[in-house]
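Report on the structure
Below are the chains, spelled out letter by letter.
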Amino acid sequence: TLSTEIEHANENSTALSTELNDAKMAASQIQGQLDSKIKYLETDLFESKQDSAAKSSEAESLQDELKTVQKSLVDTTMNMDELLAGKDSMQMEIEKLSAVRE
């Protein structure tokens, strides 16, 4: 029945909201870790560049690692955007079902 569909949609929305909040918390923790890692890598990179030509390959490796960390941050942001889009879609579906019910 329509009431059951609305109830299931509300349950799905609640579950999605919980999942989104969990994802936001995880993303926030990851963001903090990545920010610390980036700061560490930038400092280490700066010091490596000042050392000598012998450390040139190490600096390149650190640059690659920094790029990897930054890509991971972008991927995390994209995942958050996908979760938000899913929540918005579910909310619109609930609103449609509620309007039909009325």
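What counts as what
- The residue numbers shown here count from 1 along each chain, following its written sequence.
- Totals for whole chains, interfaces and linings use every residue, but because this is a predicted model, local features are given only for residues with pLDDT of at least 70 and side-chain atom pairs only at 80 or more, for both listing and counting.
- Side-chain metrics rest on all non-hydrogen atoms present in the structure, leaving aside hydrogens and water.
- Working definition: helices are DSSP H or I runs of at least four residues, strands are E runs of at least two. Numbering for both runs from the N terminus.
- Using C-alpha atoms as the atom set, the radius of gyration is obtained and then compared with a globule rule of 2.2 Å times the number of residues to the power 0.38.
- Note on contacts: a residue pair qualifies if any of its non-hydrogen atoms lie within 4.5 Å across the two residues.
- Throughout, the Shrake-Rupley method with a 1.4 Å probe supplies accessible areas, and for residues the shown protein chains are the sole cover considered.
- For this count, His and the chain ends are skipped, Lys and Arg are scored as positive, and Asp and Glu as negative.
- Every charge is mapped onto a representative atom, which is NZ of Lys, CZ of Arg, CG of Asp or CD of Glu.
- Each residue is placed in one exposure class: buried if its accessible area under a 1.4 Å probe, protein chains only, is under 20% of its type's maximum, exposed if it is over 50%, and partly exposed if it falls in between.
- In the sections that follow, a salt bridge refers to a side-chain nitrogen of Lys or Arg positioned within 4 Å of a carboxyl oxygen of Asp or Glu.
- A helix is expected to span 1.5 Å multiplied by its residue count minus one.
- To form a nonpolar core, buried Ala, Val, Leu, Ile, Met, Phe, Trp, Tyr and Cys residues must be joined to one another through side-chain atoms within 4.5 Å.

1. Overview of the overall build of the protein
What the protein contains, in helices and strands, is two helices and zero strands. Relative to the globule expectation of 13 Å for 102 residues, the C-alpha radius of gyration of the protein, 22 Å, shows a markedly less compact shape. Overall, the protein is about 75 × 15 × 15 Å in size when its C-alpha atoms are taken along their principal axes. In the protein, the share of contacts with a sequence separation of at least 24, taken over all contacts with a separation of at least 6, comes to 80%. Surface accessibility of the protein: about 7200 Å² in total, with carbon and sulfur atoms responsible for 51%. Averaging the locations of the 10 positively and 21 negatively charged side chains of the protein gives two centres separated by 4 Å.

2. Observations concerning the environment of Glu 60
Within the fold, Glu 60 resides in helix α2 (residues 56-101). We classify Glu 60 as partly exposed; its relative accessible area is 47%.

3. Section: the pattern of salt bridges
The full count for this structure, using the stated rule, is two salt bridges. Here Lys 37 ties to Glu 65 by a salt bridge, and the two come within 3.1 Å at their closest N and O atoms. In this pair, Lys 37 sits in helix α1 (residues 2-51) while Glu 65 sits in helix α2, placing the two residues 28 residues apart along the sequence. According to the relative accessible area criterion, Glu 65 is partly exposed, its value standing at 30%.

4. Description of α2
An α-helical segment advances 3.6 residues per turn. Residues three or four places apart therefore align on the same side. Look at α2: 68 Å from first C-alpha to last across 46 residues, which is about the 68 Å you get at 1.5 Å a residue. Every buried residue of α2 is listed here: Ala 59, Leu 62, Leu 66, Val 69, Leu 73, Thr 76, Met 80, Leu 83, Ile 94 and Leu 97.

5. A look at the side chain of Ser 13
Mapping Ser 13 onto the fold places it in helix α1. When sequence neighbours within four positions are dropped, the list of residues in contact with Ser 13 reads Met 90, Gln 91 and Ile 94.

6. Overview of the nonpolar core
Listed in full, the nine residues of the largest apolar core are Leu 34, Ile 38, Leu 41, Leu 45, Ala 59, Leu 62, Leu 66, Val 69 and Leu 73. Elements with a minimum of two residues in this core: α1 and α2. Formed by five residues, the second largest nonpolar core is a distinct cluster that contains Leu 20, Ala 27, Met 80 and Leu 83.

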